[in-house]
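# An overview of the molecular structure
The primary structure of each chain is shown beneath.
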Amino acid sequence: MSEQSEGQVSDTTATDELASLLVKRGKKGRARSTSILIGVLLLLLGVFIGIGLGRATAPASDGGPGTSQPGEPPRGGPFGGRARR
């Protein structure tokens with residue numbers, strides 16, 4: 001039994017030493033670069049969610065401007081569609 005009590009004493013002293021070291025160290029704050037990285041990642045996540053929601057709620061294409069009918073050739077921009085000579 002004396003071996004168990006000695007083991008418990010050494011465990012409590014190790015725990016006390018660890019606790020005192022942690023108290024001396026104080027609370028360690030987050031680095032500024034880490035905070036910036038977290039903010040950028042949250043911003044990108046919000047952008048991707050917004051794009052996904054915007055596309056999901058957009059009305060279906062009804063053949064408005066910029067879309068061509070199946071029989072027509074595709075429309076070009078202000079300079080497009082013509083072959084150069």
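It should be noted that the structure appears before, not after, this text.
Structure report, in brief. (Residues numbered from 1 in each chain as written. Predicted model: local features only at pLDDT ≥ 70, side-chain atom pairs only at ≥ 80, totals over all residues. Heavy atoms only, no water.)

### A few points about the overall build of the protein chain
Note the following rule: Helix and strand definitions follow DSSP, with helices as H or I runs of at least four residues and strands as E runs of at least two, each counted in order from the N terminus. To sort residues, take the accessible area from a 1.4 Å probe on protein chains only and compare it with the maximum for the residue type: under 20% means buried, over 50% means exposed, and anything in between is partly exposed. In these tables, accessible area is a Shrake-Rupley quantity obtained with a 1.4 Å probe, and a residue counts as shielded only by the protein chains included in the view.
Assigned secondary structure in the protein chain consists of 2 helices and 0 strands. Relative to its 85 residues, the protein chain shows a buried fraction of 0%. For the protein chain, the exposed surface amounts to about 8,300 Å²; the carbon and sulfur share of it is 61%.

### Concerning a nonpolar patch on the surface
As a reminder of what qualifies: Candidates for patches are residues over 30% relative accessible area with no salt bridge; among them, like charges are joined within 9 Å and nonpolar side chains (Val, Leu, Ile, Met, Phe, Trp, Tyr) within 5 Å. One speaks of a salt bridge when a side-chain nitrogen belonging to Lys or Arg is within 4 Å of a carboxyl oxygen belonging to Asp or Glu.
On the surface, I36, L37, V40, L41, L43, L44, V47, F48 and I51 cluster together into a nonpolar patch covering about 850 Å² of accessible area. Position of I36 relative to the elements: it lies in helix 2 (residues 32–57).

Don't take any of this as a statement about function, it's just geometry.
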